[in-house]
Amino acid sequence: MSDATTEEVFDVVAATAPEIRATLVDRVGFESEENPSGEKQIAADVHADRLLEERLRPIDGVNEYASEERDELVTDGDGEDEGYGVAVDPVDGSSNIETNNAAGTIVGIYDGALPASGDKLVGAAYVLYGPRTTMVAATEGSVTEYVIEDGDRAVVREDVRIPDEAGDKGVFGFGGRVSEWPAEVEAFVREIEQELKLRYSGAMIGDINQVLSYGGIFAYPPLRSAPESKLRLLYEGNPIGYIVEAAGGRSSDGDRSILEVPPEDLHQRVPVHIGTTEYVDRLEAALD
Ligand code: P6P
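No experiment lies behind these values; they were computed from the predicted model shown.

What to know about the overall build of the protein chain
- Regarding its fold elements, the protein chain presents six helices and 15 strands.
- Rg of the C-alpha trace for the protein chain: 18 Å, near the compact-globule value of 19 Å for 288 residues, within the 12% margin.
- Along the longest, intermediate and shortest principal axes, the C-alpha atoms of the protein chain span 50 × 40 × 35 Å.
- A separation of at least 24 residues holds for 62% of the contacts in the protein chain among residues at least 6 apart in sequence.

Below, the structure is given as structure tokens:
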């Protein structure tokens, strides 16, 4: 059983999910500001971030709050450095909203000051705003899927495991333009596209949820123009890597588990390859 603070963070994110889902409908317009990663913010990004900060910070045991949408860390200011650091991507895939495609919310719970490496995670979860609102949460090496109704989470699947064999349902999705991929990545994709079906939506959470269900691999690989790639270590790579590794899969930055990547700053980017162990192993061998 995970600790009370982790469970309370999951409860608060679940309780906030209906309002975030509603804000995806009402607040589609673009803000004048960009987020720290230089991406245009939509009003839903900003509103969801405010809701989550307001509700996560008061939790006993939470000492810091960091968000993909904020430059700076928010601390409770008592100078203590123990307690958990909660890192959120309030609306992952917000650019998908204008085309009415899936989006999600991601939360990572780190035992230590932020930025922290993924091996400091004690829990992580994502909410998927699809036909149903669901949450997949990992802690203590176990993954559970919930449906969220009226802000309450009800278990639908316990001990979720990623299929070891992708079989005929396996899927793959690689972000970025083919022309931007290193040659080894393109060669690897040409190999696996003979085995897996292409599924790529533009929202990591929608794509990862399919990989977790069917097996296969999701990646946002290094790009010729951006070797550090696009996705953020603290808010996307670590929490999703933690969840899929807890489900028996693997994550990699191309060389090692994403959870081992040393944290340098709050908005550090990392190449992301996450999925069935066989495919992540083969990807690493192809990049070697
Ligand atoms: P692209 C959404 O903006 C995101 O951070 C991830 O959810 C998603 O996987 C990726 O970026 C999509 O990037 O370049 O395909 O639009």
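Read on for the rest.
Quick notes on helix α4 (residues 204–214)
- Counting buried residues in α4 gives eight out of eleven residues, a clear majority hidden from the surface.
- Where α4 ends, the next residue or the one after it, G215, has phi of about 85°, a positive value.

Description of the sheet that holds strand β8 (residues 133–139)
- Taken in spatial order, the eight strands of this open sheet run β4-β3-β5-β6-β7-β8-β9-β10, and their pairing is mixed. Since the sheet does not close on itself, it has two edges, and those belong to β4 (74–75) and β10 (152–157), each with one partner.
- With seven bridges connecting them, strand β7 (residues 121–129) and β8 associate as antiparallel partners. When the bridges of β8 are listed, Y126 appears paired with V136.
- Relative to β7, α4 is tilted by about 105°, and along the sheet it contacts β5 (84–92), β6 (103–110), β7, β8 and β10.

Considerations on the pairing of strand β3 (residues 62–67)
- By the criterion of burial, β3 is predominantly enclosed, with six of the six residues buried.
- Examined bridge by bridge, β3 and β5 share five bridges and lie parallel to one another. When the sheet's bridge partners are listed, E64 is paired in β5 with G85.
- Summarising the sheet, β3 and β4 pair through two bridges and their orientation is antiparallel. What sits directly across from Y65, in β4, is V74.
- Hairpin remark: β3 followed by β4, antiparallel, with six residues in the connecting loop.

Here's the deal with the pairing of β8
- Within β8, seven of the seven residues are buried, which leaves it mostly tucked inside the rest of the structure.
- Hairpin connection, β7 to β8: the antiparallel pair is bridged by three residues.
- Between the end of β8 and the start of strand β9 (residues 142–149), which pair antiparallel, lie two residues, with E140 showing a positive phi angle near 55°.

Overview of unusual backbone geometry
- A cis amide bond links L114 to the next residue, P115, at an omega of 0°.
- Topologically, P115 is positioned in the loop between β6 and β7.
- If you check the backbone angles, D150 has positive phi at about 50° while not being a glycine.
- The residue D150 is located in the loop between β9 and β10 in this model.
- Residue S229 is not a glycine yet carries a positive backbone phi of 70°.
- Residue placement: S229 occurs in the loop between β13 (216–220) and α5 (233–246).

Overview of the site of the ligand
- Taken together, D92, G93, Y200, G202, A203, M204, F218, Y220, K230, L231, R232 and E236 make up the full set of residues near the ligand.
- Here an oxygen atom of the ligand and a side-chain polar atom of Y200 are 2.7 Å apart.
- Relative to its free-state accessible area of 400 Å², the ligand is covered by the protein chains to the extent of 80%.
- With respect to the pocket detection grid, the ligand is positioned in the largest pocket.
- Residue composition of the shell around the ligand, grouped by class: six nonpolar, two polar and four charged.

What counts as what
- Residues numbered from 1 in each chain as written.
- Predicted model: local features only at pLDDT ≥ 70, side-chain atom pairs only at ≥ 80, totals over all residues.
- Heavy atoms only, no water.
- Helix = DSSP H or I, 4+ residues; strand = E, 2+ residues; numbered from the N terminus.
- Rg over C-alpha atoms; globule rule 2.2 N^0.38 Å.
- Contact = heavy atoms within 4.5 Å.
- Buried < 20%, exposed > 50% of the residue type's maximum accessible area, 1.4 Å probe, protein only.
- Pairing = 2+ DSSP bridges.
- Axes fitted to C-alpha atoms, helices over the stretch in contact; angles between N-to-C directions.
- Near = heavy atom within 4 Å.
- Polar contact = N/O pair within 3.5 Å; in protein donor to acceptor, adjacent residues only side chain to side chain.
- Areas by Shrake-Rupley, 256 points an atom, 1.4 Å probe, with all protein chains shown as cover.
- 1 Å grid on protein atoms, 1.4 Å probe; cavity = no way out; pocket = protein on both sides within 12 Å on 5 of 7 lines; lining within 4 Å.
- Sits in = over half its atoms within 2 Å of the grid points.
- Nonpolar A, V, L, I, M, F, W, Y, C, P; charged D, E, K, R; others polar.

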